[in-house]
Amino acid sequence: MSQRIECSRRTCRWTGTESQLEEVYATNGLYNCVCPKCGCKSYYQLPEPKTNKRVKNANELIKVISEHGRKFFEHKGVIATLELDKRGRVWLVDEYSKARVYTHYSGKWSGFHHGGTLRDLVCAMRDYITNGTLIPLDWIAPTRCNPENGDIWGYGKEAAAAVRAAAAQLPIIKQGEQA
Ligand SMILES: [Zn+2]
């Protein structure tokens, strides 16, 4: 497997592998090994992502969300993933920017290309990974006060119901709640 790397610019944190870098150069004809996102010339080698049962459960929820409606967390076949560092801190690799986002940071998440609602959901997944706190089902494609007005995600009635039904089966979701 190709060495994982991360752009050393803190505001960029493009994450990929050395062979992906080489692919970029093969297609755009650049010779220098620079970050494909910001052009920065230096990068760090990253260890393989650490995972555990809860990280896998959280990534399963991301996958379910990415398979319905507007396919949040999916971009051109790439799905966002959560991972741990060696201190047990939770990072999200953004599907669009390929940035590794530190989910414990309370300021602006550089490289995270979703809004506040999905950021809150990522924080809930982070808390599940660190503390085991389950996520209520009504966090998934949440409806406004009047369900007739549709869901906040804009998934639409059918897809919202489908993503909730699929999510309800997952161990990360608080059981005993109605879809
Ligand atoms: Zn960069």
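Preceding this section is the structure that the text describes.
(A) Quick look at the coordination of the zinc ion. Coordination of the zinc ion by the protein is provided by C7 (SG), C12 (SG), C35 (SG) and C38 (SG), with metal-donor distances spanning 2.3 to 2.4 Å. Geometry at the zinc ion is tetrahedral, judged from the four donor atoms that bind it and their angles of 103 to 114 degrees at the metal. If you list the donors of the zinc ion from N- to C-terminus, the spacing comes out as C-x4-C-x22-C-x2-C. One end of the pair, C12, is in the loop between β1 (4-7) and β2 (15-17); the other, C38, is in the loop between α1 (18-28) and β3 (43-46), and 26 residues separate them in sequence.

(B) Expanded view of the packing of aromatic side chains. Counting across every chain of the model gives five aromatic pairs. Ring centres of F72 and Y155 lie 5.2 Å apart, and the angle between their planes is 50 degrees; on these two criteria the pair is classed as tilted. Highlighted residues: F72 in the loop between α2 (53-66) and β4 (74-75) and Y155 in the loop between α3 (116-131) and α4 (157-167), separated in sequence by 83 residues. A residue is classified by how much of its surface remains accessible, and F72, at 13% relative accessible area, is buried. Between W153 and Y155, the ring centres sit 5.2 Å apart and the planes meet at 65 degrees, which makes this aromatic pair edge-to-face. Each residue in the set F72, W153 and Y155 is aromatic and connected to the rest through ring pairs, giving one cluster.

(C) The arrangement of the sheet that holds strand β8 (residues 100-102) in detail. Read from one edge of the open sheet, three strands run β6-β7-β8, paired in antiparallel fashion. The sheet is open, and its two borders are formed by β6 (81-84) and β8, each paired with just one other strand. Neighbour to neighbour, the strand axes of the sheet diverge by 35 degrees on average, direction disregarded. Here β6 pairs with strand β7 (residues 90-93) via four bridges, running antiparallel. In the strand pairing of β7, T81 is matched with V93. On the sheet, α2 packs against β6 and β7 and is oriented at approximately 165 degrees with respect to β6.

The rules behind these values
Residues numbered from 1 in each chain as written. Predicted model: local features only at pLDDT ≥ 70, side-chain atom pairs only at ≥ 80, totals over all residues. Heavy atoms only, no water. Donors = N, O, S within 2.8 Å, 3.2 Å for Na, K, Ca; no water. Tetrahedral: all angles 85-135°; square planar, octahedral: opposite > 155°, others 65-115°. Helix = DSSP H or I, 4+ residues; strand = E, 2+ residues; numbered from the N terminus. Phe/Tyr/Trp six-rings, centres within 6.5 Å; stacked < 30°, edge-to-face > 60°. Buried < 20%, exposed > 50% of the residue type's maximum accessible area, 1.4 Å probe, protein only. Pairing = 2+ DSSP bridges. Axes fitted to C-alpha atoms, helices over the stretch in contact; angles between N-to-C directions. Contact = heavy atoms within 4.5 Å.

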